[in-house]
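One-letter residues, chain by chain:
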Amino acid sequence: MLILIVDDSSAARMIVKKSLRQAGFGGHTVIEAGNGLEALEAIAQDAPDLLLTDWAMPEMTGIELLRALQEQGKKLNSVLITSQGTDEMREEARAAGALFLLTKPLSSERFREALEPVLG
Amino acid sequence: MKNGGLSTEQWLTVALEALKDSALGSFAAEGVFVTPEDSALAAEHSGAYVPLMAGDESMQVGLLTSEAGCEALTRALLAMEPDEAAPGLEDVVDAVGEIVNIVAGVMQRQLAEEGLFVEIGLPIFVEGHVVHTERHERSAATIEIDATRAEVIMLRHNSGAA
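Everything numeric in this text was worked out from a predicted model, so none of it was measured.

Brief notes about the overall build of chain B
The helix and strand inventory of chain B stands at three helices and seven strands. If you list the helices and strands of chain B from N to C, you get α-β-β-β-α-α-β-β-β-β. The 162 residues of chain B split such that 49% are buried. Intrachain contacts of chain B at a sequence separation of at least 6 include 69% that bridge at least 24 residues. Here chain B displays about 7600 Å² of accessible surface, and carbon together with sulfur accounts for 52% of that area.

Description of unusual backbone geometry
Glycine aside, the phi torsion of most residues is negative, and most peptide linkages are trans. For the bond from Lys104 of chain A to Pro105 of chain A, the omega torsion is 0°, close enough to zero to count as cis. Of note in the backbone geometry, Glu59 of chain A takes a positive phi value of approximately 70° without being a glycine. When you line up the elements, Glu59 of chain A lands in the loop between strand S3 (50–54) and helix H3 (62–71). According to the relative accessible area criterion, Glu59 of chain A is exposed, its value standing at 63%. One non-glycine residue, Asp146 of chain B, adopts positive backbone phi at about 50°. For Asp146 of chain B, the location among the structural elements is in the loop between strand S6 (136–145) and strand S7 (148–157).

Structural notes on the sheet that holds strand S4 (residues 77–82) of chain A
Residue and element names in this part refer to chain A. Ordered in space as S2-S1-S3-S4-S5, the five strands form an open sheet in which the pairing is parallel. Looking at the sheet topology across the chains shown, the edges are occupied by strand S2 (29–33) and strand S5 (100–103). The sheet shows a mean angle of 20° between the axes of neighbouring strands, taken without regard to direction. Of the pairings in the sheet, the one linking strand S1 (residues 2–6) to S3 comprises four bridges and is parallel in character. Its bridge partner lying in S3, Ile3 is registered against Leu50. Against the sheet, helix H4 (residues 87–95) contacts S4 and S5, and its axis sits at roughly 140° relative to S5.

Section: the nonpolar core
Leu20 and Leu52 of chain A together with Trp11, Leu52 and Met107 of chain B are the most contacted members of the largest nonpolar core, which totals 61 residues. Counting residues per element, this core draws most heavily on helix H3 (residues 89–112) of chain B, at eleven residues. If near-sequence neighbours (up to four positions away) are discounted, Leu52 of chain B is found in contact with Trp11, Glu57, Ser58, Met59, Val61, Ala104, Met107, Val118, Glu119, Ile120 and Met154 of chain B. With 23 residues, the next largest nonpolar core counts Met57, Met60, Leu69 and Leu76 of chain A among its residues.

A short note on helix H5 (residues 108–119) of chain A
Residue and element names in this part refer to chain A. Between its terminal C-alpha atoms H5 stretches only 14 Å, short of the 16 Å expected from twelve residues at 1.5 Å a residue. Residues Ser108, Phe111, Ala114, Leu115, Val118 and Leu119 constitute the buried set of H5. Angular distribution of buried residues about the axis of H5 spans 140°; they occupy a single face of the element. Exposed side chains of H5 directed beyond 90 degrees from the buried face belong to Glu113 and Pro117. Each element contacted by the buried residues of H5 is listed here: S1, helix H1 (10–25), S3, S4 and S5.

Topic: the pattern of salt bridges
Scanning the entire structure with this criterion turns up eleven salt bridges over all chains. One salt bridge connects Glu71 of chain B with Arg75 of chain B, and the closest N-O pair in it is separated by 3.2 Å. Here Arg75 of chain B and Glu71 of chain B lie together in helix H2 (residues 67–77), a separation of four residues that amounts to about one turn. With a relative accessible area of 27%, Glu71 of chain B lands in the partly exposed category. Among the salt bridges present, the one from Glu144 of chain B reaches Arg149 of chain B, with a minimum N-O distance of 3.4 Å. Arg149 of chain B sits in the partly exposed class, given a relative accessible area of 44%. Ionic contacts of the salt-bridge type, sharing partners, join the residues Arg13, Lys17 and Glu32 of chain A into one network.

Quick notes on the pairing of strand S2 (residues 46–54) of chain B
Residues and elements named next belong to chain B. Extensive coverage of S2 is indicated by the burial of eight of its nine residues. Inspection of the sheet shows S2 paired to strand S3 (residues 57–65) by nine bridges, in the antiparallel sense. Following the sheet pairing, Ala48 is matched in S3 by Leu63. Between S2 and the antiparallel strand that follows it, S3, lie two residues; Gly55 among them carries a positive phi value of about 60°.

Thoughts on the interface of chain B and chain A
Across the contact, 20 residues belong to chain B and 17 residues belong to chain A. Roughly 1500 Å² of surface becomes buried between chain B and chain A when both sides are summed, with 53% attributable to carbon and sulfur atoms. Interface area lost by chain B to chain A is led by Leu78, Glu98 and Arg109 of chain B, which between them contribute 32%. The tally of links between chain B and chain A comes to one salt bridge. Among the salt bridges present, the one from Glu98 of chain B reaches Lys104 of chain A, with a minimum N-O distance of 2.6 Å.

Reading the values: the criteria
- Residues numbered from 1 in each chain as written.
- Chains lettered and ligands numbered in written order.
- Predicted model: local features only at pLDDT ≥ 70, side-chain atom pairs only at ≥ 80, totals over all residues.
- Heavy atoms only, no water.
- Helix = DSSP H or I, 4+ residues; strand = E, 2+ residues; numbered from the N terminus.
- Buried < 20%, exposed > 50% of the residue type's maximum accessible area, 1.4 Å probe, protein only.
- Contact = heavy atoms within 4.5 Å.
- Areas by Shrake-Rupley, 256 points an atom, 1.4 Å probe, with all protein chains shown as cover.
- Pairing = 2+ DSSP bridges.
- Axes fitted to C-alpha atoms, helices over the stretch in contact; angles between N-to-C directions.
- Core = buried A, V, L, I, M, F, W, Y, C linked by side-chain atoms within 4.5 Å.
- Expected span 1.5 Å × (residues − 1).
- Arc of directions from axis to C-beta.
- Salt bridge = Lys/Arg side-chain N within 4 Å of Asp/Glu carboxyl O.
- Buried area = accessible area lost by both parts, 1.4 Å probe.

What follows is the structure, given as structure tokens:
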């Protein structure tokens, strides 16, 4: 499977990659984008199977990215990652088509539980 | 609990607990020890601050340490191998900012359980100390994350000091 990781922080993208590896999903191919706009280009070009996106980013946030995909009628398994994770954010994420919202700190156990149904 | 019901020291306690949880959970630290006293780390130390807003309260939570400490925290967070080359400045800035961002998120969730809603801003990285005046209250403690000694700081703007 092809996984697109979107975060403006290169360290945060590395953390997500590390968590994927430690959760046993290291065999999948990963591509990266630095914000929502770059992600839209990557999705159009590479058609990833799973989108793991940060919420707070410059240019285009994660929730704006999901809404843009909805408007384009694109269906993509999407997960929002945030350090916050209020009830309102969960509701917004669900309404924008996210499978779920993962809150930081990320751990391999939580990653495994959450992504097993998607990545097998 | 009403907004503003916590003292600066209580905010610091919440931050320290959040950092302990994050360090033990997210980057597999083996030991985290807190010394309540402000160690008044050297002014050349670096770190990150994240703004917190709760009602009419405005604060910054910060984590400051030496250059070597910043590198050690970055290595731990990114699970870098001991023989991997030193992380670049951009990675260090991102990683230390990410640690404080995670801490702020844990604080937000802990305080939400007690009915206090906290908004979180974006992290900034600083080299050297942030000057505080009589318009700020400052509370700090030393924390050791494995072999890394750092300072956790709460800077709180006094009411009406906007």
